[in-house]
Amino acid sequence: MKEIKKILCAVDLSEHSKAVAEYAVLLAKGLGASVLVVYTAPSLSQYVGFHVPPNTIENFVGEIVTGAEKSMEAFVAENFAGVEAKGQVLIGYAAEEILNRAHEEKVDIIVMGTHGRKGIDRILFGSVAEKVVKNADMPVLTIRPAEPIGE
């Protein structure tokens, strides 16, 4: 029988992330699992060459990551009491980074939110959750927000 001992909980640090964390904590407590909480900051490397010096972009990304690390530390402390959990800030394309980290850490399940976008919003923004679900080789639990965005 499959065991779930390591959970990757992908969050965007929005208000909806608290609901995603609740499910990860519920699973972790019930199964005696640890949780790796990840947030992916954009790399912005695709903007190099658009009349913006690379060092300016690197500084900006550095500031985003520093801010995200502080937010992540507070988020984990506030939402993962009673379970073994650590937070990590990744840099790059969210779906790609979530899947890469899931493989590197050999997680048993991914828990993540979905924005519940529809129509043109979905076409324009894509769906990180959809990409993760389609490409993951472990189970993925997606949590929809109470109120879909874009309606």
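All values derive from a computational prediction rather than experimental measurement. (Residues numbered from 1 in each chain as written. Predicted model: local features only at pLDDT ≥ 70, side-chain atom pairs only at ≥ 80, totals over all residues. Heavy atoms only, no water.)

S.K.: Outline the sheet that holds strand β1 (residues 6-10), listing residues and values.
M.R.: Spatially, 5 strands are ordered β3-β2-β1-β4-β5 in an open sheet, and the strand pairing comes out parallel. A strand with exactly one partner marks an edge of an open sheet, and here the two such strands are β3 (85-91) and β5 (140-143). Averaged over all pairs of adjacent strands, the angle between their axes in this sheet comes to 20°, without regard to strand direction. Note that strand β2 (residues 34-41) and β3 share 7 bridges and pair parallel. If you follow V38 over to β3, its bridge partner there is Q88. Sitting on the sheet, helix α3 (residues 94-104) is in contact with β1, β2, β3 and β4 (109-113), with an inclination near 150° to β2. Across the face of the sheet, helix α5 (residues 128-135) comes into contact with β4 and β5 while running at roughly 165° to β4. (Pairing = 2+ DSSP bridges. Helix = DSSP H or I, 4+ residues; strand = E, 2+ residues; numbered from the N terminus. Axes fitted to C-alpha atoms, helices over the stretch in contact; angles between N-to-C directions. Contact = heavy atoms within 4.5 Å.)

S.K.: How would you explain the pattern of salt bridges if you had to name every residue and give the values?
M.R.: All chains considered together, the criterion is met by 4 salt bridges. For K6, the salt bridge goes to E105, with nearest N and O atoms at 3.0 Å. Separated by 99 residues along the polypeptide, K6 in strand β1 and E105 in the loop between α3 and β4 bring together distant segments of the chain. (Salt bridge = Lys/Arg side-chain N within 4 Å of Asp/Glu carboxyl O.)

S.K.: I'd like to hear about the environment of H16, residue by residue, with values.
M.R.: Tracing the chain through its elements places H16 in the loop between β1 and α1 (17-31). It is 6.1 Å that separates the C-alpha atoms of H16 and P145, two residues lying 129 residues apart in sequence.

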